[in-house]
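Descriptive structure summary
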Amino acid sequence: QASEIIDRQAIHMGNLVEDLMDVSRVTRGLTALKHRRVRLQDIVAAAVEQTMPLMTRRGHRFSLADRTDGVELWADPSRLTQILSNLLNNAAKYTPPQGTVALEIEAHASTVLLRVRDNGIGIEPELLSRVFELFAQAESTPERHEGGLGIGLALARSLTRLHGGTLSAFSAGVGEGSTFELRLPNDLVAMRDEDHPG
């Protein structure tokens, strides 16, 4: 049992160090995205697959509503998956067992919107304005025992900006759940094709 605990903690520490290095590379402009034409459905499937073990372990009810009808983007698939999986993981960590996590996807005239909603512990008003800052985290409570160091959301926002998108957070307060909205330009493919005809 002790060996298993040590193994888990070693993996956890390794992930934290990698996230910190990732944030450092992004903020210093050392990260170059590897763009290619990607199906948004594939990104969603990969992110959900990464997050499902945590949601299953906590008994969450997960729902997916995709209204994009096969939208494709010009994006870095691994980084886009990382953004979405960070948002889903964040929702799962801060939603008590048997809670709900929902992912809604919509295509608009100039953007694609991915909305992650949960009925978890919510975000305090004083934290909401800085939730995407590095190391921003609420006070430790029993409900937040799965939380990290406030790195994932900062990294997600930085990677979103590299894609020309925006990431926003909403919450009515403690105990009211949270909503994160990821908006990405849905004309990235068209723009790229215009730059390189044929």
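In the block above lies the structure referred to throughout.
To keep things clear, this report deals only with the structure shown in the data block.

Judged by pairing direction, the sheet is mixed, and its five strands sit side by side in the order 2-4-5-7-6 without closing on themselves. Each edge of the sheet is formed by a strand with only one pairing partner; in this case those strands are strand 2 (61–66) and strand 6 (166–170). Across the sheet, the mean angle from the axis of one strand to that of its neighbour is 10 degrees, orientation sign disregarded. The pairing of strand 5 (residues 111–118) with strand 7 (residues 178–185) spans eight bridges and is antiparallel. Within the sheet, the bridge partner assigned to Leu114 lies in strand 7 and is Leu182. The sheet strands contacting helix 5 (residues 152–162) are strand 6 and strand 7, and the helix crosses strand 6 at an angle near 140 degrees.

Checked against the element boundaries, Gly152 lands in helix 5. Classification of Gly152 as partly exposed rests on a relative accessible area of 23%. The sequence separation of Gly152 and Gln82 amounts to 70 residues, and the corresponding C-alpha distance is 9.3 Å.

Taken N-terminus to C-terminus, the directions of helix 3 (residues 77–93) and helix 5 make an angle of 145 degrees; their axes are 9 Å apart at the nearest point. Seen from above, helix 3 lies across helix 5 with left-handed handedness. From helix 3, Arg79, Gln82, Ile83, Asn86, Leu87 and Asn90 reach across to helix 5, where they touch Gly152, Leu153, Leu155, Ala156, Leu159 and Thr160. Residue composition of the contact of helix 3 with helix 5, grouped by class: six nonpolar, five polar and one charged.

In this section: unusual backbone geometry. The residue Asp69 is not glycine, and still its phi comes out positive at about 55 degrees. Tracing the sequence through the fold places Asp69 in the loop between strand 2 and strand 3 (72–75). Unlike most non-glycine residues, Gln98 shows phi in positive territory, near 70 degrees. Relative to the helices and strands, Gln98 is located in the loop between helix 3 and strand 4 (100–107).

To continue, consider the packing of aromatic side chains. Applying the stated criterion across every chain yields a total of one aromatic pair. Summarising the aromatic geometry, the rings of Phe132 and Phe180 are spaced 6.0 Å apart at their centres and angled 85 degrees between planes, so their arrangement reads as edge-to-face. Note that Phe132 is positioned in the loop between helix 4 (125–128) and helix 5 and Phe180 in strand 7, a separation of 48 residues in sequence.

Listed in full, the buried residues belonging to helix 5 are Leu153, Ala154, Leu155, Ala156, Ser158, Leu159 and Thr160. In the segment just after helix 5, Gly164 is the residue with positive phi, at about 80 degrees.

Packing of helix 2 (residues 40–57) against helix 3 brings their axes to within 8 Å, and their N-to-C directions diverge by 30 degrees. Between helix 2 and helix 3, the angle falls in the class roughly parallel. For helix 2 against helix 3, the interelement crossing comes out right-handed. Counting all contacts with helix 2, which are made through Ile43, Val44, Ala46, Ala47, Val48, Gln50, Thr51, Leu54 and Met55, the residues of helix 3 involved are Pro77, Leu80, Thr81, Leu84, Ser85, Leu88, Asn89, Ala92 and Lys93. In the contact of helix 2 with helix 3, the residues fall into twelve nonpolar, five polar and one charged.

Rules of the game
- Residues numbered from 1 in each chain as written.
- Predicted model: local features only at pLDDT ≥ 70, side-chain atom pairs only at ≥ 80, totals over all residues.
- Heavy atoms only, no water.
- Pairing = 2+ DSSP bridges.
- Helix = DSSP H or I, 4+ residues; strand = E, 2+ residues; numbered from the N terminus.
- Axes fitted to C-alpha atoms, helices over the stretch in contact; angles between N-to-C directions.
- Contact = heavy atoms within 4.5 Å.
- Buried < 20%, exposed > 50% of the residue type's maximum accessible area, 1.4 Å probe, protein only.
- Left-handed = near helix turned anticlockwise from the far one by under 90°.
- Nonpolar A, V, L, I, M, F, W, Y, C, P; charged D, E, K, R; others polar.
- Phe/Tyr/Trp six-rings, centres within 6.5 Å; stacked < 30°, edge-to-face > 60°.
- Parallel < 35°, antiparallel > 145°, perpendicular 65-115°, else oblique.

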